[in-house]
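A look at the structure
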Amino acid sequence: MAKHRDSAYMSRLHLVFAGITLFQCAFAILLRKPQNSESVVNSRVVIVCQTSEPFSVNWEHTPVGEVVPKNVFLASTVVPPYGQRMKVEANRETGEYHLIILSVQTIDAGKYACIDKAGQGERQVAELTVLESTPQCQESFDRNGILIDNDCGLEPEMIAFKCILRYAGNNEPKLIWRLTGGNPIVPMNTVIASSQDQSAVSVVIKPTLPMDGSSFTCGTSWSNISWTSSTIKLLYVYNDSATHRISETTHLNCSANSSGQCSYEWSHRDLITTVGQSLEIDGDHLGLYICTAKCTIRENQCNVTAAVVEYSRVDTADSATRIYIGLIVVTIIAAIALIIGGIVTVFFKRYAATKRGLLKSSSRILSAKSPPCPIQGIAIVGNDLYTIRRGERSVNVYSLDEPFKLQRVIPPQDLKDPRDIAAGSKFLFITDAELNCVWKMTTQKKTKFTKFIEGIKSPFTISISCSGEIIMAQHPNELVIYNSDGVKIKSIDLKGVCDVFHAIQASTGYIATSVAFGPNSENDGTAAGVILVSTTSETIVERTSGQDSWVFSKPHHITTNEIGSIFVADADKNQIVILDKDLRLIQEVPFYSSRFLPTRLQYKSGQLIVGLNCGAVQFLGATYLERIIVSQSTTREETYEDRSTDVSPLLSR
């Protein structure tokens, strides 16, 4: 063992003359240097030092305000008076020496030096700061409500705190402010007044809407002691300037974006038609309907626009005429196509697609936008479907009961470049590529956005496991897992992978990930596919083989159902690929229109919900796949049998 330690850890100097070693010297080095630390009175403190010299180190302590160090650990013994409350645990094999303070007091603050080779070698110093108690803070704001930026012309208010923290040590502890359960925030201004034994901090914070109902915590950067403020209640009134166009419903409803008490009245052509939030239209009066909210904030009444609705009735006769003319045009185009022979090509393509599992056009489709904005995220909470589109900062909400009707549009607030959305048990999580963060969004009517995870590289796709853990695929070849509090718990490096697209929990302890393989990976020469990653061993345990992976080009998004079937969206090849739980190919499902490329997938109660590049969302049930390939073998080397069957076993039990 000693011979191994010499070769691994110790630097040697050889003096050689005529091939004969005349002098040899070994230099011991500190492999692990003691680190600055911060602890609370009566807590247990461990300071670690590791040396390449296997015999001993010395420990010294220089108390605060003194310049001459005192011996703590000398000749393998803790010397008085330190022996009463300190001990040293040594591991001769590794060279580690742990200086342990059993119950730290303010007199223990100061500098601790670890000296190699029994006091004759390298010397490294660490500072220990001892905190006497938690921060003592005073808050200055109205607990009945704080007025923030509003559309009433009222002056917004600020939140002020003053905190005092008593300590012993040479390093002044730093206070960190954060919204309860969130990441650190930077106050508008900070005034610090320090003395020998205490730090006084005054801060001013400008409240914003996401702070409503939360509180602030103030704690030190190292230790876990903190102070928590009272709950923040905000006062606000905002206009809703968006105009909603309708043509069928005759029932209108409005609600002000306000924390105060409001009364409502509807007007049409500058005439007040009714008082109240709801309005019934008889169908003959077209034009703009404006709902005005009269809200009271701090005994001040202000009027804001709560809703603007443009009602335009669709004429049935005109619609029928347009449909008739459209049918004539379509008939003429079809006849021309038949003459030039194009209809033959279309027929055979459709026939081949039916044999392989074509998605019928009768499946439900949410209307696409014009110009098209590809779907970048789909999430389902309860009976609501949330979508985000490329180039848009807002979140669209649909009801699964009425999927053709847009229920509401959630304004972007602080969102900059949303790329994907995933649903947890209580919140929605949205990745933001511009701010390199993950937002946490509530699903109540008064939606709140809170920065949940910050400092993420390439935050594009996201998913939530059954236990509430957050799984992110990060470029170029990394899987990162966070717990439900946004704390990173694991990072897995995918060797042999040059890019990751999306990751989702396949089963307990395993993550299915769509990837592009690197040139040196053992992948039978395939360029892209799906892998199965063990979160226990942090290794790739399964991947699509050469006979299967040829079907993939860029498998951008994946999802799974309760029996382990994996659905893969490949927009480049304009298809959805279905794999079994062992990543064996079951079926390729092609799309045959360039406007309907699958970009995002979600599975819910026997339906496969597909986001398309045209901005639409398609709902696919078991009846929309006519044939599948079912494997009758237990290994990949055996053959597959072609059977006529329903896809129900794939979509639900």
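Preceding this section is the structure that the text describes.
Criteria and thresholds
Residue numbering note: each chain is counted from 1, following its sequence as written. Owing to the predicted nature of the model, reporting of local features is limited to residues with pLDDT of at least 70; listing and counting of side-chain atom pairs is limited to 80 or more, with chain, interface and lining totals taken over all residues. Hydrogens and waters are ignored; side-chain quantities use all the structure's heavy atoms. Paired rings are identified among Phe, Tyr and Trp, the last through its six-membered ring, by centres lying within 6.5 Å, and are further divided according to the angle between planes into stacked (under 30 degrees), edge-to-face (over 60) and tilted (the rest). Numbering of helices and strands runs from the N terminus, with a helix taken as a DSSP run of H or I at least four residues long and a strand as a DSSP run of E at least two residues long. To sort residues, take the accessible area from a 1.4 Å probe on protein chains only and compare it with the maximum for the residue type: under 20% means buried, over 50% means exposed, and anything in between is partly exposed. Strands qualify as paired when DSSP identifies two bridges or more between them. Lines are fitted to the C-alpha atoms to define the axes, a helix being fitted only along its stretch in contact, and any angle between axes, read from their N-to-C directions, falls within 0 to 180 degrees. Put simply, a salt bridge is a Lys or Arg side-chain nitrogen that is within 4 Å of an Asp or Glu carboxyl oxygen. What makes two residues a contact is simply this: any of their non-hydrogen atoms within 4.5 Å. Take the buried residues of types Ala, Val, Leu, Ile, Met, Phe, Trp, Tyr and Cys, join any two whose side-chain atoms come within 4.5 Å, and each joined set is a nonpolar core. Here, two cysteine sulfur atoms that lie within 2.5 Å of each other are counted as a disulfide.

What about the packing of aromatic side chains?
- Within this structure, the stated rule accounts for 9 aromatic pairs.
- Both rings, one in Phe429 and one in Phe452, keep their centres 5.4 Å apart while their planes meet at 50°; by these two values the pair is tilted. Taken as a pair, Phe429 in strand S38 (residues 428–432) and Phe452 in strand S40 (residues 449–454) lie far apart in primary sequence, 23 residues in all. Of the two residues examined, Phe429 and Phe452, each falls in the buried class.
- Cluster of aromatic residues (ring-pair linked, three or more members): Phe141, Phe161, Trp177, Phe216 and Trp227.

Details of the sheet that holds strand S52 (residues 585–590)
- Spatially, 4 strands are ordered S49-S50-S51-S52 in an open sheet, and the strand pairing comes out antiparallel. Looking at strand neighbours, the two that pair on one side only are strand S49 (555–560) and S52, the edges of this open sheet. The average undirected angle you get between the axes of adjacent strands in this sheet is 20°.
- Bridge count for strand S51 (residues 575–579) against S52 is 5 bridges, and the pairing is antiparallel. Paired with Val577 across the two strands is Glu588, which belongs to S52.

A short note on the pattern of salt bridges
- One pass over the structure, following the stated rule, counts 16 salt bridges.
- A salt bridge links Arg419 to Asp417; the shortest N-O distance between them is 3.1 Å.
- Salt bridges here are not isolated pairs; linked through shared partners, they connect Asp142, Glu157 and Arg298.

Describing unusual backbone geometry
- The omega torsion of the bond from Pro80 to Pro81 falls at -5°, within 30 degrees of zero and hence cis.
- Among the structural elements, Pro81 can be located in the loop between strand S8 (77–78) and strand S9 (86–91).
- Of note, Asn42 is a non-glycine position whose phi angle comes to about 80°, a positive value.
- Assignment of secondary structure puts Asn42 in the loop between strand S4 (37–40) and strand S5 (45–51).

Regarding the environment of Ile481
- For Ile481, the location among the structural elements is in strand S43 (residues 478–482).
- Apart from residues no more than four positions distant in its own chain, Ile481 is found in contact with Glu469, Ile470, Val487, Lys488, Ile489, Lys490, Ile511 and Thr535.

Thoughts on the pairing of strand S20 (residues 216–220)
- Most of S20 is tucked away, with 5 of its 5 residues classed as buried.
- Burial of S20 is two-sided: the residues Phe216, Cys218 and Thr220 facing one way and the residues Thr217 and Gly219 facing the other way are all buried.
- The sheet contact formed by strand S16 (residues 175–179) and S20 spans 5 bridges and is antiparallel. The residue bridging Leu179 from the neighbouring strand is Phe216, located in S20.
- By the bridge criterion, 3 bridges tie S20 to strand S21 (residues 226–228) in an arrangement that is antiparallel.

Focus: the nonpolar core
- Among the nonpolar cores identified, the biggest contains 26 residues, and Ile159, Phe161, Trp177, Phe216, Cys218, Ile232 and Leu234 are the most heavily contacted of them.
- Those elements that provide at least two residues to this core are strand S15 (159–168), S16, strand S19 (198–205) and S20.
- Every residue in contact with Cys218, bar those within four places of it in the chain, is listed here: Pro135, Cys137, Cys163, Leu175, Ile176, Trp177, Ile225, Ser226 and Trp227.
- Counting residues in each nonpolar core, the second largest holds 23 residues, with Leu235, Ile281, Tyr289 and Val304 among its members.

Describing the state of the cysteines
- Scanning all chains against the criterion turns up 5 disulfides.
- Here Cys49 engages in a disulfide with Cys114; their sulfurs sit 2.0 Å apart. Here the S-S torsion is close to -75°, and the disulfide linking Cys49 with Cys114 is therefore left-handed. Placement of the pair is Cys49 in strand S5 and Cys114 in strand S11 (residues 110–115), with a sequence separation of 65 residues.
- Cys49 gets classed as buried once you look at its relative accessible area, which sits at 1%.
- Free cysteine Cys218: the closest other cysteine sulfur is in Cys163, separated by 4.0 Å.

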